[in-house]
Amino acid sequence: MSAHGLQGAAAIKLWIAELCAGSALAMGGAASWRAALVRLRVAPQLTRRREAWRLVTTQLGFPSAREAATGAVLLYQLRALERAFGTRRFAAFVFVCAVVGQTLCVAALLLAWALLPHVHAAVNIVAGGPYMLLFACLHQFHVQVPAASATRLLGVDLGDKWLADAAAASLLLARMPAALVPALAGVAASMVYSADVAGLQQWRFPRCAEAAARRWVGPLLVPRRPPRSHDAAPAAPMRAAQPRPPPQAAAVPDELVEGVLAMFPDAGRERVVQALLSAGGDGDRAAAILLEGGSG
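Residues numbered from 1 in each chain as written. Predicted model: local features only at pLDDT ≥ 70, side-chain atom pairs only at ≥ 80, totals over all residues. Heavy atoms only, no water.

### Description of the pattern of salt bridges
Inference 1: With the rule as written, the count across this model stands at 2 salt bridges.
Inference 2: In this structure, the salt-bridge partner of Glu 51 is Arg 54, at a minimum N-O distance of 2.5 Å.
Inference 3: By relative accessible area, Glu 51 is classed as buried at 15%.
Inference 4: A salt bridge links Arg 175 to Glu 67, with the shortest nitrogen-to-oxygen separation between them at 2.7 Å. Of this pair, Arg 175 sits in the loop between helix 10 (162–174) and helix 11 (180–194) while Glu 67 sits in helix 5 (residues 65–77), placing them 108 residues apart in sequence.
Inference 5: The exposure class of Arg 175 is partly exposed, given its relative accessible area of 31%.
Inference 6: Residue class for Glu 67 comes out buried when judged on its relative accessible area of 1%. (Salt bridge = Lys/Arg side-chain N within 4 Å of Asp/Glu carboxyl O. Buried < 20%, exposed > 50% of the residue type's maximum accessible area, 1.4 Å probe, protein only. Helix = DSSP H or I, 4+ residues; strand = E, 2+ residues; numbered from the N terminus.)

Shown next, in the form of structure tokens:
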């Protein structure tokens, strides 16, 4: 498991936010509004009333805070699946499983309603919540994401995915048998995706949909950096070091210059001055310098 939170899992982050908002809406409204959002009865809502929109609203949230919190924990554990797939492929996978899973779920429920009345009585009510999508992701999570470590609990060796399995089991057992058919439909949809039926693994959202998501949803998922109040000034270009001029010596007395110049008339006044400066004003050393033919 990665230790960097939801980094690299933008779709999971958006899903957790939507799940919390949908669950809060379902729990905060009136009983009739809550029933319209999260309750699905195969008969008569699908068989006679043709209220197919309920297939979407039942996936938006859970009817209780405990289930919403457990679902958020499960989604957080599934973030490694999005990192393994990449956000574009993960979003396409969820959409494919939503379509295929709901088709399988509705087909099984209608088949039970038509042919197996005793079974239909047990599964007529479908639990509110994204059970189908969560179990589809959980199945793919076990298929695609290798175990990174092992955990030992009460003498039993558990993989590092045990928390996701425990959260899924808690959700399933809390709403049995109403959550059983959606969960099995989600696993079946994930298996269809793994088999790459009709090239489902190669499908992606159109570029226009991706661009719209990046423009309108992306800013909500990526935190904005606060403006810097004390930006460092750009460094000034380095200049080549200029050699320091030698310190100026005290002026040589004219009489000393004239005395040395009298001994070396061919040396010239400027050369005599330089020799005296090099000798520190010592006439004898200046004479030695001039005899050697240099000026220091």
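### Remarks on the confidence of the model for the chain
Inference 1: Of all residues in the chain, 79% have pLDDT values of 70 or greater, and the mean over the chain is 80.
Inference 2: Considering only residues more than four positions removed or in separate chains, one finds that residues 244–249, a stretch of pLDDT under 50, has 1 contact. (pLDDT = per-residue confidence, 0-100. Contact = heavy atoms within 4.5 Å.)

### Observations regarding the packing of aromatic side chains
Inference 1: Under the counting rule described, the total for this entry stands at 7 aromatic pairs.
Inference 2: Geometrically, the ring pair formed by Phe 95 and Phe 205 is edge-to-face, given 5.4 Å between the ring centres and 65° between the ring planes. One end of the pair, Phe 95, is in helix 7 (residues 87–115); the other, Phe 205, is in the loop between helix 11 and helix 12 (207–216), and 110 residues separate them in sequence.
Inference 3: Looking at Phe 95, the relative accessible area reads 40%, which means it is partly exposed.
Inference 4: Residue classification places Phe 205 among the partly exposed residues on the basis of a relative accessible area of 30%.
Inference 5: Note that Arg 79 overlies the ring of Tyr 76, its terminal NZ or CZ placed 4.0 Å from the centroid. (Phe/Tyr/Trp six-rings, centres within 6.5 Å; stacked < 30°, edge-to-face > 60°. Lys NZ or Arg CZ within 6 Å of the ring centre and 35° of its normal.)

### With respect to the nonpolar core
A general feature of soluble globular proteins is that nonpolar side chains tend to end up buried together.
Inference 1: Of all hydrophobic cores here, the largest spans 41 residues; its most connected members are Trp 15, Leu 74, Phe 90 and Phe 93.
Inference 2: For this core, the secondary structure elements donating two or more residues are helix 1 (10–28), helix 5, helix 6 (79–85), helix 7, helix 9 (131–144), helix 10 and helix 11.
Inference 3: If you tally residues by element for this core, the top one is helix 9, at 9 residues.
Inference 4: Val 260, Phe 264, Val 272 and Ala 275 belong to the second-largest nonpolar core, a separate cluster that totals 14 residues. (Core = buried A, V, L, I, M, F, W, Y, C linked by side-chain atoms within 4.5 Å.)

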